[in-house]
Amino acid sequence: MLTVGVDVGTSAVKLIVMNETGEILRTVSRDYPLYLFNGGWSEQSPEDWWEATASALREVTAEYKDIAAVSFSGQMHGLVALDGDGNVLRRAILWNDQRTQAECDYLNNVIGRETLLENAANIALTGFTLPKVLWMKNNEPELYGRIKMVMLPKDYIAYKLTGIAATDYSDASGTLLLDVKKQDWSDRMLEIAGLTRTQVPKLFKSYETVGAVTDNAAEETGLSASSKVVIGGGDQAVGAIGTGTVEEGTCSVSLGTSGVLFVAMDGFAVDTSPAAIHAFCHANGRYHMMGVTLAAAGSSKWWIEQILNTDDYSAEQKEINILGQNKVYYLPYLSGERTPHNNPLARGAFVGMSMSTSRAEMTQAMLEGVAFSLRDILTRIRALGKEVSAARIIGGGAKSPLWCQIVADVLNVKVQKIHSGEGPALGAAILAMVGAGAYATVEEACAKIIKTTETFIPNAKIAAEYDKHYGIYTHLYETLKETYTRIFEV
């Protein structure tokens with residue numbers, strides 16, 4: 001049996017073809033434009049996602065004819081608004097867009113955090129979908145009035161394949177429209193959005209089949225009309241499936257453009273503190289908690305390519321050989337910060353340089369600062385009674401053994417790499433396998449397919465030193481918090 005996992009990312013769509021033993025037979029990707037403007041606005045065209053996905057599927061199906069099922073991982077939170085004819089009303093407003101602070105203030109302060117936590121298990125953040133809907137209502141009322149359906153990025157691809165408006169519980173958790181505990185749309189949150197249940201997709205578990213490929217979509221993609229379309233999930237939940245993070249208390253760390261620390265749970269739990277730990281549904285049908293730092297590998301790309309003007313990441317790390325003693329600190333808030341500060345005005349900073357500070361020390365501080373931001377998340381999750389002793393690591397940053405070791409020492413947990421770096425696309429292919437009947441459960445599929453290849457053990461002495469440095473790191477944010485606000489007032 002063959003399945004296709006489709007990862008609808010922010011920079012490109014990536015497809016893998018996998019057999020039921022977990023062997024990846026083919027990988028294909030297609031880039032598409034990203035529109036950044038107005039100092040924090042971020043959009044993409046859903047039609048670009050579809051054209052790229054259809055093109056990649058044609059390349060795949062030219063070689064592999066018998067695709068049993070296709071499933072998806074998708075960038076979360078993006079607002080795709082369709083009219084009554086199924087046409088896109090405007091470019092999608094993406095997860096990293098920061099225009100909705102006024103709407104978030106309204107939701108958190110006027111509607112109130114208590115109402116949000118009771119009905120959606122999460123407070124409002126600028127990345128979430130509901131604030132984007134309210135932004136359209138406040139700023140584009142004519143377009144808002146024509147909305148027939150609100151959906152998420154990956155769901156638009158499923159819609160183009162099947163003609164069915166569908167989503168899953170994991171991705172819907174990030175809209176602020178879902179009652180996460182009840183696993184159903186929240187009537188109260190829909191009322192706040194000015195939407196009805198007819199304007200949101202039907203809900204499925206991530207491994208459930210939405211339908212079959214339509215004749216038109218089969219012609220555009222080369223898929224068979226008998227190929228099943230399994231809805232998949234949000235990229236973080238599906239990426240966790242791709243690491244085998246499915247059992248209670250298991251953890252994954254993603255060092256992608258943004259950084260995510262994700263803990264799987266059998267039961268529902270909610271964080272009522274201001275720390276903004278997300279309580280979401282997992283793609284295995286259960287629950288998870290996670291936190292996000294907005295510039296993880298994004299910090300590395302900015303520092304190495306834009307500031308140091310090189311693309312040799314390994315060379316910049318060669319002179320870093322002593323951990324736990326660096327006196328330079330880096331705050332990775334290049335795009336604002338989500339967890340635990342929920343502050344879109346926060347900005348990056350290097351602190352502690354002297355005349356003797358070297359280029360390598362600055363690079364090390366950048367790597368350590370991102371690891372400290374992940375520890376911010378883990379600290380809050382541990383405070384909620386969830387213990388973590390190991391983490392599986394994925395994403396572009398995980399290619400660096402040094403960074404993996406720093407993460408292990410800063411978090412003081414063992415860090416494991418897995419056999420594949422495909423993450424979300426692999427998770428999507430696994431969900432497609434379950435949906436096609438090759439495996440009875442997601443847990444069974446992960447146990448058979450996912451393998452660990454390398455483990456980074458924390459050094460107790462270095463971890464103790466990082467404990468001290470982490471205290472200084474957390475103090476720096478509190479010291480600079482007022483300054484961030486003043487910067488934007490000038």
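For the structure, see preceding data.
Predicted, not measured: the structure shown is a model, and the values here were computed from it.

Conventions used here
- Residues numbered from 1 in each chain as written.
- Predicted model: local features only at pLDDT ≥ 70, side-chain atom pairs only at ≥ 80, totals over all residues.
- Heavy atoms only, no water.
- Pairing = 2+ DSSP bridges.
- Helix = DSSP H or I, 4+ residues; strand = E, 2+ residues; numbered from the N terminus.
- Axes fitted to C-alpha atoms, helices over the stretch in contact; angles between N-to-C directions.
- Phe/Tyr/Trp six-rings, centres within 6.5 Å; stacked < 30°, edge-to-face > 60°.
- Buried < 20%, exposed > 50% of the residue type's maximum accessible area, 1.4 Å probe, protein only.
- Lys NZ or Arg CZ within 6 Å of the ring centre and 35° of its normal.
- Contact = heavy atoms within 4.5 Å.
- Parallel < 35°, antiparallel > 145°, perpendicular 65-115°, else oblique.
- Left-handed = near helix turned anticlockwise from the far one by under 90°.
- Nonpolar A, V, L, I, M, F, W, Y, C, P; charged D, E, K, R; others polar.
- Expected span 1.5 Å × (residues − 1).
- Polar contact = N/O pair within 3.5 Å; in protein donor to acceptor, adjacent residues only side chain to side chain.

1. A closer look at the sheet that holds strand β25 (residues 452-456)
Here comes step 1: The seven strands are arranged β19-β20-β18-β17-β23-β24-β25 in an open sheet whose pairing can be described as mixed. With one partner strand each, in any of the chains shown, β19 (278-281) and β25 form the two edges of the open sheet. Neighbouring strand axes in the sheet, compared pairwise and without regard to direction, differ in orientation by 30° on average.
Here comes step 2: With four bridges joining them, strand β24 (residues 414-418) and β25 adopt antiparallel strand pairing.

2. Quick notes on the packing of aromatic side chains
Here comes step 1: For the structure shown, the criterion picks out 15 aromatic pairs.
Here comes step 2: Seen from their ring centres, Phe 128 and Phe 280 are 6.2 Å apart, and the 50° between their planes marks the pair as tilted. Of this pair, Phe 128 sits in the loop between α2 (101-120) and α3 (129-139) while Phe 280 sits in strand β19; the two residues are 152 residues apart in sequence, bridging distant segments of the chain.
Here comes step 3: Given the relative accessible area of 0%, Phe 128 is considered buried.
Here comes step 4: Residue class for Phe 280 comes out buried when judged on its relative accessible area of 1%.
Here comes step 5: Taken together, the ring pairs in this structure connect Trp 302, Trp 303, Tyr 330 and Phe 350 into an aromatic cluster.
Here comes step 6: Taking NZ or CZ as reference, Arg 91 lies 4.0 Å from the ring centre of Tyr 35, over its face.

3. Some points on helix α13 (residues 401-411)
Here comes step 1: Buried residues dominate α13, accounting for ten of its eleven residues.
Here comes step 2: Inspection of α13 places Leu 402, Trp 403, Cys 404, Gln 405, Ile 406, Val 407, Ala 408, Asp 409, Val 410 and Leu 411 among the buried residues, and these make up the whole buried set.

4. Topic: the environment of Leu 411
Here comes step 1: Among the structural elements, Leu 411 can be located in helix α13.
Here comes step 2: For Leu 411 and Met 265, which are 146 residues apart along the polypeptide, the C-alpha to C-alpha distance reads 20 Å.
Here comes step 3: In contact with Leu 411, other than residues within four places in its own chain, are Val 253, Leu 261, Ala 371, Leu 374, Arg 375, Leu 378 and Arg 382.

5. Looking at the pairing of strand β3 (residues 24-31)
Here comes step 1: The pairing of strand β2 (residues 12-19) with β3 spans seven bridges and is antiparallel. Looking at β3, one finds that Ile 16 is bridged to Thr 27.
Here comes step 2: Between β2 and the antiparallel strand that follows it, β3, lie four residues; Gly 22 among them carries a positive phi value of about 95°.

6. Points about the packing of helix α14 (residues 424-436) against helix α15 (residues 442-449)
Here comes step 1: One way to put it is that α14 packs onto α15 with a least axis distance of 9 Å and a crossing angle of 125°. Between α14 and α15, the crossing angle belongs to the class labelled oblique. Along this stretch, α14 crosses α15, giving a crossing that reads as right-handed. Residues Leu 426, Ile 430, Leu 431 and Val 434 of α14 pack against Val 442, Ala 445 and Ile 449 of α15.
Here comes step 2: Its residues assigned to classes, the contact of α14 with α15 comprises seven nonpolar, no polar and no charged.

7. Focus on helix α12 (residues 359-383)
Here comes step 1: With 25 residues, α12 ought to run about 36 Å at 1.5 Å a step, and its terminal C-alpha atoms sit 36 Å apart, in line with that.
Here comes step 2: Among the 25 residues in α12, 19 count as buried, and that is most of the element.
Here comes step 3: Just past α12, the residue Gly 385 takes up positive phi, approximately 95°.

8. A short note on the side chain of Lys 154
Here comes step 1: Relative to the helices and strands, Lys 154 is located in helix α5 (residues 153-162).
Here comes step 2: Reaching out from Lys 154, the side chain makes a polar contact with the side chain of Asp 168 at a distance of 2.9 Å.
Here comes step 3: Among all residues touching Lys 154, those that are not within four sequence positions of it are Val 8, Phe 72, Ser 73, Gly 74, Thr 167, Asp 168, Asp 171, Ile 231, Gly 232 and Gly 233.

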